[in-house]
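Each chain, letter by letter, is given below.
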Amino acid sequence: QKEVEQNSGPLSVPEGAIASLNCTYSDRGSQSFFWYRQYSGKSPELIMSIYSNGDKEDGRFTAQLNKASQYVSLLIRDSQPSDSATYLCAGSNYQLIWGAGTKLIIKP
Amino acid sequence: EADIYQTPRYLVIGTGKKITLECSQTMGHDKMYWYQQDPGMELHLIHYSYGVNSTEKGDLSSESTVSRIRTEHFPLTLESARPSHTSQYLCASSQGITDTQYFGPGTRLTVL
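Attention here is on the structure that accompanies the text.

About the cut-offs
- Residues numbered from 1 in each chain as written.
- Chains lettered and ligands numbered in written order.
- Predicted model: local features only at pLDDT ≥ 70, side-chain atom pairs only at ≥ 80, totals over all residues.
- Heavy atoms only, no water.
- 1 Å grid on protein atoms, 1.4 Å probe; cavity = no way out; pocket = protein on both sides within 12 Å on 5 of 7 lines; lining within 4 Å.
- Points joined across faces, edges and corners; volume = space filled by probe spheres on them.
- Nonpolar A, V, L, I, M, F, W, Y, C, P; charged D, E, K, R; others polar.
- Contact = heavy atoms within 4.5 Å.
- Buried area = accessible area lost by both parts, 1.4 Å probe.
- Salt bridge = Lys/Arg side-chain N within 4 Å of Asp/Glu carboxyl O.
- Polar contact = N/O pair within 3.5 Å; in protein donor to acceptor, adjacent residues only side chain to side chain.
- Phe/Tyr/Trp six-rings, centres within 6.5 Å; stacked < 30°, edge-to-face > 60°.
- Helix = DSSP H or I, 4+ residues; strand = E, 2+ residues; numbered from the N terminus.
- Buried < 20%, exposed > 50% of the residue type's maximum accessible area, 1.4 Å probe, protein only.
- Lys NZ or Arg CZ within 6 Å of the ring centre and 35° of its normal.

### Details of empty space enclosed by the protein
All names here are of chain A.
Here is step 1: Throughout the structure, instances matching the rule amount to one cavity of 30 Å³ or more.
Here is step 2: Computed from the structure, the largest cavity encloses a volume of approximately 30 Å³.
Here is step 3: Lys2, Glu3, Val4, Tyr25, Asp27, Ser30, Gly91 and Ile97 are the residues that line the largest cavity.
Here is step 4: Its residues assigned to classes, the lining of the largest cavity comprises three nonpolar, two polar and three charged.

### With respect to the interface of chain B and chain A
Here is step 1: Of the residues lining the interface, 19 residues belong to chain B; the matching set on chain A comes to 17 residues.
Here is step 2: Interface of chain B and chain A: buried area, both sides summed, is about 1,400 Å²; carbon and sulfur atoms make up 48% of it.
Here is step 3: Our count for the contact surface shared by chain B and chain A stands at zero salt bridges.
Here is step 4: Counting every contact that joins chain B to chain A gives five residue pairs in polar contact (both at pLDDT 80 or more).

### Some words on the packing of aromatic side chains
Here is step 1: Under the defined criterion, the tally for this structure stands at 10 aromatic pairs over all chains.
Here is step 2: Both rings, one in Tyr35(B) and one in Phe103(B), keep their centres 5.6 Å apart while their planes meet at 40°; by these two values the pair is tilted. Separated by 68 residues along the polypeptide, Tyr35(B) in strand β4 (residues 31-37) and Phe103(B) in strand β10 (residues 102-103) bring together distant segments of the chain.
Here is step 3: A residue is classified by how much of its surface remains accessible, and Phe103(B), at 11% relative accessible area, is buried.
Here is step 4: An aromatic cluster of at least three residues, connected via ring pairs, comprises Phe34(A), Tyr36(A), Tyr51(A), Trp98(A), Tyr33(B), Tyr35(B) and Phe103(B).
Here is step 5: Here the guanidinium or amino end of Arg60(A) rests over the ring plane of Phe61(A), the centre of that ring lying 5.5 Å away.

Below is the structure:
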């Protein structure tokens, strides 16, 4: 059974701090990884994709991939209350496997 | 960014009714997906299609059916709705092998 695991949270982070979200996956054949943000009652929206080991930065967001350890992480710098949402991690080996999501709460 | 549309956005119907949830995308994506998601819960893949006249069942058993007669259109049908079908239904599409999926706004279905 191919799995993507995330801590369900909630993860509470003070405003302005760095939020760190983690995800592990079981399928070593996975080549592509994605972070989506989902606000309550809304559909998921893509934040970042990452395909190679290392870091990928986009504004306040940094995705990190370590294929040897089979984990993916998302760092959110200077966290804002508007970042409060559920963050979904997904990995793909020709088919996307979704994690259950981590609920992030940014406290003003 | 993909343009993907779902109608209706909200639907309240009685038990036993036949319903069709519409999903259309204008990006020419070859792959389309239907997910079911209850509030605060994880996404469950119920159907997917990798092209015209190609449909497959997903991981979650569903009493719904789908069709893919045109690339841009992927409707989901429930022949006889039941209260257990009450949920949010999300349509998504992607192109090629990257599997970057783009989601529609969703249909929130309530069966009384």
